[in-house]
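Coordinate inspection notes
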Amino acid sequence: MQGPAVFIDAEIDDQAQELRQFLKGLGAEISEEKSTKGIEDDLHKIIGVCDVCFKDNTHSPEEIDAVLNSIVSIIVSIPLERGENLILSFCDKMTKAKETSLARVCLQSLWRLFSNLEVTSPLRYHVYYHLVQVAKQVNQVKEVFTGVEQLKAQFAQCPPSNEQMQKLYRLLHDVLKDSNSELASKVMIELLGTYTSENASYAREDAMKCIVTALADPNTFLLDPLLSLKPVRFLEGELIHDLLSVFVSEKLPSYLKFYKNHKEFVNSQGLNHEQNIKKMRLLSFMQLAESNSEMTFQQLQDELQIKEEEVEPFIIEVLKTKLVRARMDQRARKVHISSTMHRTFGRPQWQQLRDLLLSWKSNLTLVQENINTVSAAQMELAQRQ
């Protein structure tokens, strides 16, 4: 989303009076006359009643957009130290539009304001927070938020406080969890990363949300990093941590046993049992693939508790995730594994990676020696000729 310029070809005082007259005509309780206290008092009163636009049916969204654009053009002309209350009040008003078409106008107005504030202004955080709220209302969150790195870059020259970022991450998680669970998980992990050893114990609710979001996300399979987050560590010994541990390193039977013993708990977290089983089958297959370069269909039936006719569709689903590279031999009723993503990455995996890199290095050295030998032979042959 781009922020168009908000420069209005009129004197600020004249704009303010025109706005007063327009809003008065819509039934707002405001005088048509300019304030004797100056433009800031004018703007304070104008913003206080500008939401009357959202109750009017006689003007098009384009006309309302022009009115709000005029207000924004005055706001950005006010010195920063005197404009905080005006900006906060305007942002709050922009969340009041009920109709989708008008909410979109509000979203555009907030983006204009955000884009025209100095990048060093701490008020940009407050505008952005309300931007996200309105974006959710009109289903356009992806227009204002594409990822954590982009978010950090926007505030690089004036980083919000830790508490402000925690509040923003919670909001982003809330607006993303139903539409983009993968991005919601990343946001929640970023939120948990803002806690330190000293205050991690206060992040219990955030940590539980993070775990549930990650477990529910059909595209999140590498769950091991969650265990290293300080707020998650404080949940050790609780059922939610036990459930996470099952998804991190156990197989399907362990989950089924957990669910049998704690069915009410799993359901109370909003987790879908059938989806959990589907995910655990995928994770179990990945774990089997780590130590088996070849598996029979019968082995998969037994390990994953699926019917004979379900094996091939299951393997196809696994390959779609690109977590495992494999080839299915339907005639021999086997699956041949080329590679798989590890569910956990600890010391054994680092050792395996080290050995692989050393092997590559050795092979490259051998190739280079062969090339040198061939080159030397060719040169010697050329000299003889």
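The name an unreviewed UniProt entry gives the protein chain is Eukaryotic translation initiation factor 3 subunit M, with Anopheles melas as the organism. Recorded in UniProt under Subcellular location (unreviewed entry), the annotation for the protein chain is "Cytoplasm".

Here's the deal with the pairing of strand β2 (residues 324-329)
Examined bridge by bridge, β2 and strand β3 (residues 334-340) share 6 bridges and lie antiparallel to one another. Paired with M328 across the bridge in β3 is V335. Connecting the antiparallel pair β2 and β3 is a turn made up of 4 residues, with R333 showing a positive phi of about 55°.

Some remarks on the packing of aromatic side chains
Counted according to the given criterion, the structure contains 8 aromatic pairs. Between F114 and Y128, the aromatic rings sit 5.6 Å apart at their centres with planes inclined by 50°, giving tilted as the arrangement. Remark: Y128 occurs in helix α6 (residues 123-137) and F114 occurs in helix α5 (residues 100-116); sequence separation between them is 14 residues. Judged on exposure class, the residue F114 and its partner Y128 are both buried. Between the aromatic rings of F285 and F314, the centroid separation amounts to 5.8 Å while the plane-to-plane angle is 70°, which identifies the pairing as edge-to-face. Of this pair, F285 sits in helix α16 (residues 273-291) while F314 sits in helix α18 (residues 311-321), and the two are 29 residues apart along the sequence. Looking at F285, the relative accessible area reads 1%, which means it is buried. On the basis of relative accessibility, which here comes to 11%, the residue F314 falls in the buried class. The positively charged end of K279 is found above the aromatic ring belonging to F221, 5.8 Å away from the centroid.

Some details on the confidence of the model for the protein chain
Interpreting fine coordinate detail is not advised for predicted regions of low pLDDT. A residue-level look at the protein chain finds 89% of positions with pLDDT of 70 or above and a mean pLDDT of 88. Averaged pLDDT values over the elements of the protein chain bottom out at 62 in helix α19 (residues 347-384) and peak at 97 in helix α14 (residues 252-261). Below a pLDDT of 50 lies the segment residues 2-8, which in the model reaches 19 contacts outside its immediate sequence neighbourhood of four places, other chains included. Across residues 349-356, where pLDDT falls below 50, the model places 5 contacts with residues more than four positions away in sequence or in other chains.

Criteria and cut-off values
- Residues numbered from 1 in each chain as written.
- Predicted model: local features only at pLDDT ≥ 70, side-chain atom pairs only at ≥ 80, totals over all residues.
- Heavy atoms only, no water.
- UniProt positions renumbered as here; feature names shortened; annotations may be inferred.
- Pairing = 2+ DSSP bridges.
- Helix = DSSP H or I, 4+ residues; strand = E, 2+ residues; numbered from the N terminus.
- Phe/Tyr/Trp six-rings, centres within 6.5 Å; stacked < 30°, edge-to-face > 60°.
- Buried < 20%, exposed > 50% of the residue type's maximum accessible area, 1.4 Å probe, protein only.
- Lys NZ or Arg CZ within 6 Å of the ring centre and 35° of its normal.
- pLDDT = per-residue confidence, 0-100.
- Contact = heavy atoms within 4.5 Å.

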